[in-house]
Amino acid sequence: MKQFFSTNDIVSLSHIIKTALECKENPFGNEYIGKHKTLGLIFLNPSLRTRMSTQKAARNLGMEVMVLNMGTEGWALETREGVVMDGANAEHIKEAAAVMGSYCDVLGVRSFPKLDSKEEDYSDDLFFKFANYCKKPILSLETATRHPLQSLTDLITIIEQGEYFYDAEKGNYIPKVRKPKVVLSWAPHVKALPQAVPNSFSEWMCRAEAEGLVDFVITHPEGYELDEEFTKGAAITTNQVEALKDADFVYVKNWSSYEDYGKVLSMDSNWMLTLEKLEATNNAKVMHCLPVRRDLVLSSEVLDSDHSIVIEQAGNRVWAAQAVLTEMLTHNK
Ligand SMILES: NCCC[C@H](NC(=O)CCC(=O)O)C(=O)O
Ligand SMILES: NC(=O)OP(=O)(O)O
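Residues numbered from 1 in each chain as written. Chains lettered and ligands numbered in written order. Predicted model: local features only at pLDDT ≥ 70, side-chain atom pairs only at ≥ 80, totals over all residues.

- The protein is annotated in an unreviewed UniProt entry as N-succinylornithine carbamoyltransferase of Myroides guanonis.
- According to UniProt, the comment filed for the protein under the heading Subunit (unreviewed entry) is "Homotrimer."
- Reading the Sequence similarities (unreviewed entry) entry of the UniProt record for the protein gives the comment "Belongs to the aspartate/ornithine carbamoyltransferase superfamily. SOTCase family." (UniProt positions renumbered as here; feature names shortened; annotations may be inferred.)

### Some remarks on the overall build of the protein
No. 1: For the protein, the count of helices and strands is 13 helices and 14 strands.
No. 2: What you see for the protein is a C-alpha radius of gyration of 20 Å, in line with the 20 Å of a compact globule of 333 residues.
No. 3: Taking the principal axes of the C-alpha coordinates as reference, the protein spans close to 55 × 50 × 35 Å.
No. 4: Sequence separation of 24 or more characterises 77% of the internal contacts of the protein that already satisfy a separation of 6 or more. (Helix = DSSP H or I, 4+ residues; strand = E, 2+ residues; numbered from the N terminus. Rg over C-alpha atoms; globule rule 2.2 N^0.38 Å. Contact = placed C-beta atoms within 7 Å.)

### Looking at helix α4 (residues 93–103)
No. 1: Turning to α4, its buried residues are I93, A96, A97, M100 and G101. With its buried residues spanning 130° around the axis, α4 presents them on a single face. The outward face of α4, more than 90 degrees from its buried face, is lined by the exposed residues S102 and Y103.
No. 2: On its buried face, α4 sits against β2 (38–43), β4 (77–78), β5 (91–92), β6 (106–110) and α6 (125–134). (Buried ≥ 20, exposed ≤ 12 C-beta atoms within 10 Å, placed from the backbone. Arc of directions from axis to C-beta.)

### Points about the site of ligand 1
No. 1: The environment of ligand 1 is made up of E142, K191, L193, P194, A196, V197, C289, P291 and R293.
No. 2: Here the shell around ligand 1 is composed, by residue class, of 6 nonpolar, no polar and 3 charged. (Near = placed C-beta within 6 Å. Nonpolar A, V, L, I, M, F, W, Y, C, P; charged D, E, K, R; others polar.)

### Things to note about unusual backbone geometry
No. 1: For the bond from L290 to P291, the omega torsion is 5°, close enough to zero to count as cis.
No. 2: Here P291 is to be found in the loop between β14 (285–287) and α11 (300–303).
No. 3: At H36, a residue that is not glycine, the phi angle is positive and equals roughly 65°.
No. 4: Positionally, H36 belongs in the loop between α1 (13–25) and β2.

### Here's the deal with the packing of helix α7 (residues 148–161) against helix α13 (residues 317–330)
No. 1: Viewed as axis vectors pointing N to C, α7 and α13 meet at an angle of 115°, and their least axial separation amounts to 8 Å. In terms of orientation, α7 lies roughly perpendicular with respect to α13. Seen along the crossing, α7 lies across α13 with a hand that is right-handed. Two secondary-structure elements touch here, α7 through L149, L152, T153 and I156 and α13 through R317, W319, A320, A321 and V324.
No. 2: Classifying every residue of the contact of α7 with α13 gives 7 nonpolar, 1 polar and 1 charged. (Axes fitted to C-alpha atoms, helices over the stretch in contact; angles between N-to-C directions. Parallel < 35°, antiparallel > 145°, perpendicular 65-115°, else oblique. Left-handed = near helix turned anticlockwise from the far one by under 90°.)

### A look at the packing of helix α2 (residues 49–60) against α13
Describing two packed helices takes the angle between their axes plus the distance from one axis to the other.
No. 1: Relative orientation of the contacting elements α2 and α13 amounts to 50°, with a least axis distance of 8 Å. Between α2 and α13, the interaxial angle falls into the category oblique. Crossing angle aside, the handedness with which α2 passes α13 is right-handed. Taking contact as the criterion, the partners of R49, S53, T54, K56, A57, A58 and N60 in α2 are, on α13, R317, V318, A321, Q322 and L325.
No. 2: For the contact of α2 with α13, the class distribution of residues is 5 nonpolar, 4 polar and 3 charged.

### Details of the domain arrangement of the protein
No. 1: Each assigned domain of the protein is listed here: domain 1 (3–146 + 317–330) and domain 2 (149–315).
No. 2: Just the C-alpha atoms count here: the centres of domain 1 and domain 2 sit 25 Å apart.
No. 3: At the junction of the two partners, domain 1 supplies 30 residues and domain 2 supplies 27 residues.
No. 4: Of all elements in the fold, only α1, α2 and α13 reach the threshold of two or more residues within the side of domain 1 that touches domain 2. (Domains from an automatic or database assignment.)

Take a look at the structure:
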């Protein structure tokens, strides 16, 4: 694997999930495959989980890790071609990425959208320029449009906590009784947040649904429709009560409008998930990528209840990263 950016970079969902769950069983089973290899993690924006879990995963494989908080400690980057650099930006991505590529065997990059221009954000220009100029395998640590390490983690968590068996002959996970119902439920927030997490979650769940692993429903207020590219095959409704009925997993997330790009159209607190709303579900497990604002995005009573699996979910970030790094170190053609 030379790039991990979207579900398209994965040949088999079941195969990568199996690799991740094997890493969880036996974290040091491949502790030498990364020996004398260096992972560079470049952050243009804040991070707790991605930063720590990816470092831990790399170290479990014997890799060295270097972290650069480019957004606060690096030179300000110019990404445009052919401009006279007489403004605030001191270094061009051409040199910066090429130099980091010469120090590292694998690179990871995090950059959030600016939420000003849909066209600019959705081109994921920084990630692809970085990939082009560093000339090394590259993984997304979350870009403007997607957060694949998070979504892979989310799918691993659903497979782990749902009831599946692994058919070794076919190389597939199969639901034991029935496919769990997974609901992505929009939640209120005071700030305009990216669509990367819900886009990516939806993209991975739509593929999981196509492969017979889950039934997937998205619910959000009017005006919060995601880019259709990510929601092909999903059932979409503005009726949260209807969506939550018999749900097995509820994935809570705020995002800003895609249509009215980057705008907060609603702060309706009725969309916040409560214990009362969960009564209509099949004793659903509640997920969130974190960080989460208590009693704004998700009620404390839910976060502190047995419904919440957010800590287990965040713990699985290590195994998702370790599975992806294992693929990059072993099949890097
Ligand atoms: N990496 C995980 C999520 C990152 C981001 N959350 C945030 O920016 C939260 C900011 C705040 O609550 O102030 C998002 O939703 O896309
Ligand atoms: N969920 C997630 O990506 O968290 P961080 O932003 O803290 O890395």
